[in-house]
Amino acid sequence: MGVQFQVTFDSADPAAHARFWAEALHYELQPPPPGFASWEAALDAWGVPVEERNDRSAIIDPAGVGPRVFFQQVPEPKTAKNRVHLDLRAAEGLAGEARLAALEQECTRLVALGASRVARFEPDPASGGHIVMRDPEGNEFCLD
């Protein structure tokens, strides 16, 4: 039996960060616990102060296959290059110009959501090419 895991991001604004990654990954915000119509209702019932309601957020794969992604508020900003990053497989099974066109199309979609493009790496004998990007909080990720 495999080990379950989640990916966790430190974040300045967990709600906004979660919305970006939900769109990027075709995920959805984690629904509220059973018995609550909304997260607001749950947080009200639990007595969570308004100023603490953006301390965390989570997204899930609607198909139940991919890992949960958790966002936790931290006071310090991002200061260095990520040691681990996500690769979004936006052009699986494609090669050549079709692959690069698919990567560019996904890059355009993610930039419209708030990401920024860093660099495009052209195909070489070991790779079909990829695009390095940053999410709205500056975390690096690749379109592969």
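Colleague: What is the right way to look at the overall build of the protein chain in this model?
Modeller: For the protein chain, the count of helices and strands is three helices and eight strands. For the protein chain, the C-alpha atoms occupy an extent of roughly 55 × 35 × 30 Å along the three principal directions. When each of the 144 residues of the protein chain is scored for burial, the buried share is 31%. Across the protein chain, every contact between residues at least 6 apart in sequence was considered, and the portion connecting residues at least 24 apart equals 58%. With an accessible surface of roughly 9,000 Å², the protein chain has 56% of that area assigned to carbon and sulfur atoms.

Colleague: What is the right way to read the nonpolar core from this model?
Modeller: One broad trend across soluble globular proteins is that nonpolar side chains are buried collectively. In terms of nonpolar packing, the biggest core is built from 22 residues, with Trp 21, Ile 59, Leu 110, Met 133, Phe 141 and Leu 143 touching the most fellow members. Breaking this core down by element, the ones donating at least two residues are helix 1 (14-25), strand 4 (68-73), helix 3 (96-112), strand 7 (130-134) and strand 8 (140-143). Not counting the four nearest positions on each side in its chain, Ile 59 is found in contact with Ala 18, Trp 21, Ala 22, Leu 25, Tyr 27, Glu 28, Leu 29, Gln 30, Arg 68, Val 69 and Phe 71.

Colleague: How should I be thinking about the sheet that holds strand 7 in this particular structure?
Modeller: The strands making up a sheet associate through hydrogen bonds between their backbones, and the pairing can be parallel or antiparallel. Strands sit in the order 5-8-7-6 across an open sheet of four strands; the sheet is mixed. Every other strand in the sheet has two partners, leaving strand 5 (86-88) and strand 6 (116-121) as the edge strands with one partner each. Direction aside, neighbouring strands of the sheet carry axes that sit 25° apart on average. Pairing of strand 7 with strand 8 involves four bridges; the strand directions are antiparallel. Paired with Val 132 across the strands is Cys 142, a residue of strand 8. In this fold helix 1 packs onto strand 5 and strand 8, with an angle of close to 40° to the strand it touches most, strand 5. Set on the sheet, helix 3 makes contact with strand 5, strand 6, strand 7 and strand 8; between it and strand 7 the angle comes to about 10°.

Colleague: How should I be thinking about the side chain of Glu 140 in this particular structure?
Modeller: Mapping Glu 140 onto the fold places it in strand 8. There is a polar contact of 3.0 Å between the side chain of Glu 140 and the backbone nitrogen of Asn 82.

Colleague: How should the environment of Gln 105 be read in this particular structure?
Modeller: Its place among the elements puts Gln 105 in helix 3. When the C-alpha positions of Gln 105 and Ala 90 are compared, they lie 9.1 Å apart, and in sequence the two are 15 residues distant.

Colleague: How do you make sense of the sheet that holds strand 3 (residues 56-60) when you look at a structure like this?
Modeller: Across the sheet, four strands lie side by side as 1-4-3-2; this open sheet has mixed pairing. Edge positions in the sheet fall to strand 1 (6-11) and strand 2 (28-29), since each of these pairs with one other strand and no more. Note that strand 3 and strand 4 share four bridges and pair antiparallel. Within the sheet, the bridge partner assigned to Ser 57 lies in strand 4 and is Phe 71.

Colleague: Just to check I follow, could you spell out helix 1 for this structure?
Modeller: One full turn of an α-helix is made of 3.6 residues, so residues set three or four places apart face in the same direction. Taking 1.5 Å of rise per residue, 12 residues should cover 16 Å, and helix 1 covers 16 Å from first to last C-alpha, within 8% of that figure. Of all the positions in helix 1, only Pro 14, His 17, Ala 18, Phe 20, Trp 21, Ala 22 and Ala 24 are classed as buried. In the segment just after helix 1, His 26 is the residue with positive phi, at about 60°.

Colleague: Which parts of the structure should I look at to understand the pattern of salt bridges?
Modeller: A pair can form between side chains of opposite charge whenever their charged atoms are brought close. Per the counting criterion, the structure on display carries 10 salt bridges. One salt bridge connects Glu 104 with Arg 117, and the closest N-O pair in it is separated by 2.7 Å. Taken together, the residues span a long stretch of sequence, with Glu 104 in helix 3 and Arg 117 in strand 6 at a distance of 13 residues. You can call Arg 117 partly exposed: its relative accessible area is 38%. Classification of Glu 104 by relative accessible area gives partly exposed; the value is 23%. When salt bridges that share partners are traced, they join Glu 104, Arg 117, Arg 120 and Glu 122 into one network.

So, how was this worked out
Residues numbered from 1 in each chain as written. Predicted model: local features only at pLDDT ≥ 70, side-chain atom pairs only at ≥ 80, totals over all residues. Heavy atoms only, no water. Helix = DSSP H or I, 4+ residues; strand = E, 2+ residues; numbered from the N terminus. Buried < 20%, exposed > 50% of the residue type's maximum accessible area, 1.4 Å probe, protein only. Contact = heavy atoms within 4.5 Å. Areas by Shrake-Rupley, 256 points an atom, 1.4 Å probe, with all protein chains shown as cover. Core = buried A, V, L, I, M, F, W, Y, C linked by side-chain atoms within 4.5 Å. Pairing = 2+ DSSP bridges. Axes fitted to C-alpha atoms, helices over the stretch in contact; angles between N-to-C directions. Polar contact = N/O pair within 3.5 Å; in protein donor to acceptor, adjacent residues only side chain to side chain. Expected span 1.5 Å × (residues − 1). Salt bridge = Lys/Arg side-chain N within 4 Å of Asp/Glu carboxyl O.

Interpretation in functional terms is not warranted from these geometric data alone.
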